[in-house]
Every structure is written in C-alpha cells, then in structure tokens.
Amino acid sequence: MSITPQREPIMPKLRAENIIKMLKKGERVDNRGLYDYRSISVSIGIIGKAEGSALVKLGGTQVIAGVKAELGSPYEDRPNEGVLQVHAEFVPLASPSFEPGPPNEDAIEVARVIDRSLREPRAIELSKLIVQPGRLAWVIYDDVYVIDHDGNILDAGMIASMIALAVTKLPKLEISGESVKINREVKETPLPLNTLVTTVTMGVLGDILVVDPSLEEESVLDTFISISVDEKGRIVGLQKKGLKSITPKTLDSAVEIALKKGEQVLSFIRKVISSPQEYMKW
Amino acid sequence: MSESRPRLIREDGLRVDGRKPEDLRPIRMEVEVLKNANGSALVEYGGTKVIAAVYGPRETPKAVQLPDRAVLRVRYHMAPFSTSEHKSPAPTRREIELSKVIREALEAVVFTDQFPRASIDVFIEVLQADGGTRTAGLTAASLALADAGIPMRDLVAGVAVGKVDGVIVLDINELEDEYGEADMPLGYAAGIGEIVLLQLNGVLTPEEFKKAVELGKRGAERIYAQMKETLHKKYLAVLES
C-alpha cells in the first residue's frame, strides 16, 4: 500500500519560504541558475570485482552503480535475448530517513525508471548477449547503490548506471562441448551499446521548472518530472512524481529543457567513457 | 521479438480490434457497487475490468498520521485470475510503483487538508487485465472518491495513449501494449486542465510526444464527461426516489 509520506527533512518554515521566494525570482539558494546541474564528478572502476562500476557525485549526492554479469536462462518470451535487471538500494548509511529492509516504493520507482529508460531505446543490444538460444544467456545486473542522499537520486543513479554499463567488460566464456564456464580472470568484451541515455529531473513550482533539485529543494517542491532522452534526441521515458499536478503548458517547457540539458549530460558521459583512464581515481 | 510481432494496424488503417486510432473502447461505469465501502465504482475499458473502493475519512494508526492533513493510502492490486497466466497475489514491484503513481495522482485533487490525522483509503482491484489497468483504476478510484462524498478539486480521468506500427493511438489494449512501441498512461483532471499522472514507457520523438499528449487529453475529456454523467444519474435517481 502506498501511503502519503512525511515531508523530509523537516526544515524551518523561514528557510522553506525563502527557497520558494527565491525560486519565484529565478534564483536558487546555492546560487545556481534554474536550469543548472550541480557539479558532476565520476570515478570509474572503483569496484574491481564488478564487471563495471562507477561512482557519481552529483553535488552532495553520491551513488555507486555496480554491474555484474552472470550466466542464466533467457526469459521464456525472449529466448534470443540476454537479460537486464536494475535494482536500487537506499541503504540506511545514506540518509537519516532511510530505513533498513527491502526496497521501498521510492527505491523501486528509481530502479524501474532507470530500467525502462535503458530498455525501451534498446540502449544495450540484448540480442547479442545470448549464449545458447532459449537456454543460456548473459544476465546483466545493474545495482544502484545510494550512499549519500542530497537530492535527485534518479539522475545520479541513471548517470552512474549508464557509465558503469558503458565501461563494463564481460568475462571470457570457456566453452567445451555442453559445459560453459565463466573465467573472470579475463574480462575483455564490452557490452554492445546502441545509444547512451540519461534522465533529466526537474522540480515543478507552478510554471517554474528547477533542474536537478537538491534535497532542500526537494523537500519544499511538491512535484517533479523526470524525462529520459537518448542520443538521437528522442524521449525514451517519462515519469511524473509528487503531490501536485502539472499543466500541459509546463509539460511542453519541461520537454524542451530536458532535450537541451539531456544533450549536455550525454556529452559529459561520452567524454568520460572515451577517456576512462582519466576517471579511474576515487 | 520483431519476427513474431503481430501487425497492429491493418491494411485498412484500423486497429486489431477494428477501432480508428482516436477511438476509445466501449467504456462502462457504475458507482455504488459495494455495500460496505463508503464509496465504490466499477469501470470497464473493453476487456479491462476494475473495481475500486474508498474507506474513509477514518481513523488511522498514529505512526502514519499527519498533523495538518489526511494521508491517502492507495493499493493497486491485480487479482490472480486477471491475466492469461496465473499471477501470484503477492505485490510485485510493478504494483508497488503503480500504487504510488495512482496515489500521487489523487493527492493532486483531494482536499486532504480538511481531514487532519485521518486516512482516506483507496483499494483498486484489477479483476481482468486487457491493457490500461492503471488508468481504468484511476478513473474508478476517482469515481469511488466522489461516490464517498470526499471533497475534490476535480474528477480525474485516466487513459493510455500508445504508438503502434508508427501510429499514435488512444486507449491501447493488451496486444497493443505488449507489441507496440510506446505506452503513455495519462491522468487528466479535465475540468481544471491539469495533468495528475503521466508516464512514458517507450520511445517517441518530441513531435509524437506532443501529439500523444493532445490525443490523451481529448480522450480523457470524453471519459470525464461519462464520469460526470454516471454520477449525475446516481444523484438524480436519489432525488426522484
């Protein structure tokens, strides 16, 4: 059952009113413009045991995406494709408001939006991940691990996932007759990618849109929209979140902003994965 | 897989079930279908059958109470017999997500501040799934809330727009959802012209997206009119008796 949550974090009324007042003037408490992202930094390959990994810091938010590859059965209705599974964990070390236990609705939503944004534009060419049609396929697990929450987990998780998947190297398969074994000593084949994808999340305050809301902004804004875009400038996913509505006119502006900002984020991701050695330190 | 994909738009430009792209399926609505609930509604979009019940405003456990408003508690659930293969009754990740987006859609219209510390509970059971279950569920929930006499800014009509064989179509059925290129569920408060639920599962160009939102709004307006008529009929019947 989905239950109206408490507002978190609880903030002095004066501070909340000040954030709103500034947004209405086109200003933000951290001096950003309405459509600016916080600074993004990336560390690749921080988890040697994973087939691919990335730590993304989006302002104060830190998310690790770890990609593991295993052998498993393809889905019955997709006998000629590998499998992609995205999960998100909001672990209690990341925020005073996160509790231990199975993923709650917010974590499930984040994982499912990332999953759909990757799946629908076929960002990963799953048909190239089949080992034995109908029997054996690569199962790619993308686990999104939030370790510090300062707002906009979705975009941080999406960027981390996209980079981790793009730098993933599949282990070698040793095939002799019927038996297939994974040799993790040798990781060589990159995942077949068709396009890069990102989400652009905006807070909605009436007809004002606020890109990449921080935790403080999230707690005073009631409504959010996340729009997924790919390298061809297509809309490959969308999710409206939060307690209030959005007018069709504001939705149009959100799409326009998402296409523009998405292009910038995608070119940042492209830069990172084209010179990974420069991002290999934590 | 593309090789086993059925054709979704026929030679004559009509859809698999004979509809034009901008046609809704036959829609049935009825309110006050349950005795115990404070409000209830049965909604059918073609083969999709959904029932919604509202309990409340009523007392709620202290732990979830909010001091300045009522909490909404929403559960979207599919009956085990609602799909072609048996569905486990345990809530799936999909059902958890849909419960959330439906709750958030209703939050935007219900005057929750009139009932501090209370809860308004909305239970949606999908009896048969044939595409558009979350949007039919949202329509049913909105009718059930009205039937329960809960004050709201507006009614909400749900409808899913899709893209099948390159054509933007209204109110997709299960086949169109499964094999189509996009599924865009929309919840629209047509009286005040506001979007309360919007998701996109699929790929659209910006132009197609615009067209899909337009088509969805027009479809939702027709469903909204039928919702109003359904509620009018109930209250006229009460007056006459």
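It should be emphasised that the depicted structure is a prediction, and the values quoted were computed from it without experimental measurement.

What follows deals with the sheet that holds strand β10 (residues 197-205) of chain A. One open sheet accounts for eight strands, arranged β11(A)-β10(A)-β12(A)-β13(A)-β9(B)-β8(B)-β6(B)-β7(B); its pairing is antiparallel. The two strands at the open ends of the sheet, each matched to only one other strand, are β11 (208-211) of chain A together with β7 (167-170) of chain B. Averaged over all neighbouring strand pairs, the angle between strand axes comes to 25°, with direction disregarded. Lying over the sheet, helix α3 (residues 153-167) of chain A contacts β10, β12 (223-230) and β13 (235-242) of chain A, oriented at roughly 175° with respect to β10(A).

Geometrically, a packed helix pair is captured by the angle between its two axes and the distance between the axes. All names here are of chain A. Relative to each other, α3 and helix α5 (residues 248-274) sit at 35°, their axes nearing to 10 Å. Judged by the sense of rotation from one axis to the other, the crossing of α3 with α5 is right-handed. Every residue of α5 that contacts α3 at I159, M162, I163, A166 and V167 is listed here: V265, I269, V272 and I273.

With that out of the way, let us pick up the pairing of strand β6 (residues 157-164) of chain B. Residue and element names in this part refer to chain B. In terms of burial, β6 is largely enclosed, as eight of its eight residues are buried. What you see with β6 is no split at all: A157, V159, V161 and K163 on one side and G158, A160, G162 and V164 on the other are buried throughout. Where β6 and strand β8 (residues 182-189) come together, seven bridges link them in antiparallel fashion. Its bridge partner being in β8, A160 is matched across the sheet by P185. The pairing of β6 with β7 spans four bridges and is antiparallel. Residue pairing for β7: V161 is matched across the bridge by L170.

With that settled, the discussion passes to the confidence of the model for chain B. Residues at a pLDDT of 70 or more form 98% of chain B, whose mean pLDDT is 96. This complex was scored by the predictor with a pTM of 0.95 and an ipTM of 0.93.

In this section: the pattern of salt bridges. Enumeration according to the criterion identifies 50 salt bridges over all chains in this entry. The partner of B:D121 in a salt bridge is B:R73, and the shortest N-O contact between them spans 2.9 Å. Of the two residues, B:D121 is situated in strand β5 (residues 118-128) and B:R73 in strand β4 (residues 71-78); the sequence distance between them amounts to 48 residues. Judged by relative accessible area, B:D121 falls into the buried class, the value being 0%. Looking at B:R73, the relative accessible area reads 12%, which means it is buried. One network of salt bridges, in which partners are shared, links A:R28, A:D30, A:R32, A:R38, A:D150, A:D212 and A:E217.

Residues and elements named next belong to chain A. Helix length check: helix α1 (residues 13-24) (12 residues) gives 17 Å between terminal C-alpha atoms against 16 Å at 1.5 Å per residue, within 8%. Restricting attention to buried positions, one finds in α1 the residues A16, I19, I20, M22 and L23. When α1 is viewed along its axis, its buried side chains cluster within an angular range of 165° and face the same direction. Looking at α1, the residues exposed on the side facing more than 90 degrees away from the buried face are K13, L14, K21 and K24. Looking at the buried residues of α1, the elements they touch are β10, β11 and α4 (215-220). G26 lies just past α1 and shows a positive phi near 85°.

Okay, empty space enclosed by the protein next. It is the rolling of a water-molecule-sized probe over the atoms that shows where space remains empty. Applying the stated criterion across every chain yields a total of one cavity of 30 Å³ or more. Quantified by volume, the largest cavity comes out at close to 30 Å³. Along its surface, the largest cavity is lined by A:K240, B:V101, B:E104, B:A105, B:V196, B:L197, B:L198 and B:Q199. Elements supplying a minimum of two residues to the lining of the largest cavity: α1 (93-107) and β9 (194-202) of chain B. It is β9(B) that provides the largest number of residues to the lining of the largest cavity, a total of four residues. Of the residues assigned to the lining of the largest cavity, the class counts are five nonpolar, one polar and two charged.

This brings us to the interface of chain A and chain B. Between chain A and chain B, the residue contacts involve 40 residues of the former and 43 residues of the latter. Across the interface of chain A and chain B, roughly 3,700 Å² is buried in total on both sides, 58% from carbon and sulfur atoms. On the chain A side of the contact with chain B, A:M1, A:T4 and A:I235 bury the most area, a combined 16% of that side's loss. Applying the counting rule to chain A against chain B returns 21 residue pairs in polar contact (both at pLDDT 80 or more). For the side of chain A that touches chain B, the elements supplying multiple residues, two or more each, are β1 (2-3), β5 (83-90), α2 (105-119), β13 and α5 of chain A. Here β13(A) runs beside β9(B); their pairing, made up of two bridges, is antiparallel. Counterpart to A:L238 in the pairing with β9(B) is B:L200.

Parameters and conventions
Residues numbered from 1 in each chain as written. Chains lettered and ligands numbered in written order. Predicted model: local features only at pLDDT ≥ 70, side-chain atom pairs only at ≥ 80, totals over all residues. Heavy atoms only, no water. Pairing = 2+ DSSP bridges. Helix = DSSP H or I, 4+ residues; strand = E, 2+ residues; numbered from the N terminus. Axes fitted to C-alpha atoms, helices over the stretch in contact; angles between N-to-C directions. Contact = heavy atoms within 4.5 Å. Left-handed = near helix turned anticlockwise from the far one by under 90°. Buried < 20%, exposed > 50% of the residue type's maximum accessible area, 1.4 Å probe, protein only. pLDDT = per-residue confidence, 0-100. Salt bridge = Lys/Arg side-chain N within 4 Å of Asp/Glu carboxyl O. Expected span 1.5 Å × (residues − 1). Arc of directions from axis to C-beta. 1 Å grid on protein atoms, 1.4 Å probe; cavity = no way out; pocket = protein on both sides within 12 Å on 5 of 7 lines; lining within 4 Å. Points joined across faces, edges and corners; volume = space filled by probe spheres on them. Nonpolar A, V, L, I, M, F, W, Y, C, P; charged D, E, K, R; others polar. Buried area = accessible area lost by both parts, 1.4 Å probe. Polar contact = N/O pair within 3.5 Å; in protein donor to acceptor, adjacent residues only side chain to side chain.

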